[in-house]
Amino acid sequence: MKPQRLIVAVLALSALVLGGFLLLAPKFTRAKTLSGYVEGEPLYLASPVAGSLTGLAVQRGDVVAGGQTLFQVDPRQLSAARDQAAQELAAAEAQAVDARKGQRPVELAVFDAQAEAAAASLRDAEATYRRVSVL
C-alpha cells in the first residue's frame, strides 16, 4: 500500500469513528451548576458611636446601595452625652476662673498659721539641741 493511500485510509477511519461517537453519544448540555470557588470579603457594619438601635432598615441578604440608611441609633443617648460634655466644660471653666482669682484670705491665714507653727517647731528644736549638745 502506498503511503498516500495509508494516510487517506487512516483519516477516513478517524472520521468514521468520530462521526459515530457524535451520533451515539448523548447530547452534551450546558451544566446548570458550576463548580469552583467564590471569593468575597466580609463587611462588618457598625455605628461610630455606642447606643441602642431604634430602627433597622435592612435584613440579612438585602442588596444595599452606597449612602443608604442601614440603621438608626437612639438620639437621646447622644444628646445626653453632649449635655454631659457641656456641663463638664462649664465646670472646668468655673475652676479656671476660680484659680485665676487667687487664694481667699481665710485660706491664706491657714497657710500663715502653718508657717508660724513650723517656725515655732524649729525654734523649739534649736533650743532642745543647744540644751542637749552641751551634755
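Just so it is clear, the model here is predicted, and its values are computed rather than measured.

**A few points about the overall build of the protein**
Reasoning step 1: A tally of regular secondary structure across the protein gives three helices and two strands.
Reasoning step 2: A total of 135 residues make up the protein; the buried ones form 4% of that total.
Reasoning step 3: Look at the contacts in the protein between residues 6 or more apart in sequence, and 26% of them connect residues 24 or more apart.
Reasoning step 4: Carbon and sulfur atoms provide 61% of the accessible area of the protein, an area that totals close to 13100 Å².

**Brief notes about the layout of surface pockets**
Reasoning step 1: Its volume calculated, the largest pocket comes out at about 270 Å³.
Reasoning step 2: Around the largest pocket, the lining residues are Leu 43, Tyr 44, Leu 45, Leu 53, Leu 56, Val 58, Gln 59, Asp 62, Val 64, Leu 70 and Phe 71.
Reasoning step 3: A breakdown of the residues in the lining of the largest pocket according to their chemical character gives nine nonpolar, one polar and one charged.

**Details of the confidence of the model for the protein**
Reasoning step 1: Summing up the model confidence of the protein, the mean pLDDT is 81 and the portion of residues at 70 or higher is 89%.
Reasoning step 2: Model confidence for the protein, summarised as mean pLDDT per element, is weakest for helix 1 (residues 3-24) at 77 and strongest for strand 1 (residues 53-56) at 87.

**Describing the side chain of Asp 74**
Reasoning step 1: Structurally, Asp 74 can be placed in the loop between strand 2 (71-73) and helix 2 (75-101).
Reasoning step 2: Exposure remark for Asp 74: the relative accessible area of 11% places this residue in the buried category.
Reasoning step 3: One polar contact links Asp 74 to Arg 76, side chain to side chain, over a distance of 3.0 Å.
Reasoning step 4: Filtering out sequence-adjacent residues up to four positions away, Asp 74 remains in contact with Ser 52 and Thr 54.

**Some words on the pattern of salt bridges**
Reasoning step 1: Evaluation of the coordinates by the stated rule reveals two salt bridges.
Reasoning step 2: Of the charged contacts in the structure, one is a salt bridge between Asp 74 and Arg 76, with a shortest N-O distance of 3.0 Å.

**A few points about a nonpolar patch on the surface**
Reasoning step 1: The grouping of Leu 108, Val 110 and Phe 111 at the surface amounts to a nonpolar patch, some 260 Å² of accessible area in total.
Reasoning step 2: Assessed through its relative accessible area of 46%, Phe 111 is described here as partly exposed.

**Thoughts on the environment of Ser 47**
Reasoning step 1: Within the element layout of this structure, Ser 47 appears in the loop between helix 1 and strand 1.
Reasoning step 2: Sequence-distant contacts of Ser 47, defined by excluding residues within four places in its chain, comprise Phe 71 and Val 73.

Definitions and limits used
- Residues numbered from 1 in each chain as written.
- Predicted model: local features only at pLDDT ≥ 70, side-chain atom pairs only at ≥ 80, totals over all residues.
- Heavy atoms only, no water.
- Helix = DSSP H or I, 4+ residues; strand = E, 2+ residues; numbered from the N terminus.
- Buried < 20%, exposed > 50% of the residue type's maximum accessible area, 1.4 Å probe, protein only.
- Contact = heavy atoms within 4.5 Å.
- Areas by Shrake-Rupley, 256 points an atom, 1.4 Å probe, with all protein chains shown as cover.
- 1 Å grid on protein atoms, 1.4 Å probe; cavity = no way out; pocket = protein on both sides within 12 Å on 5 of 7 lines; lining within 4 Å.
- Points joined across faces, edges and corners; volume = space filled by probe spheres on them.
- Nonpolar A, V, L, I, M, F, W, Y, C, P; charged D, E, K, R; others polar.
- pLDDT = per-residue confidence, 0-100.
- Polar contact = N/O pair within 3.5 Å; in protein donor to acceptor, adjacent residues only side chain to side chain.
- Salt bridge = Lys/Arg side-chain N within 4 Å of Asp/Glu carboxyl O.
- Patch = residues over 30% accessible without salt bridge, like charges linked within 9 Å, V, L, I, M, F, W, Y side chains within 5 Å.

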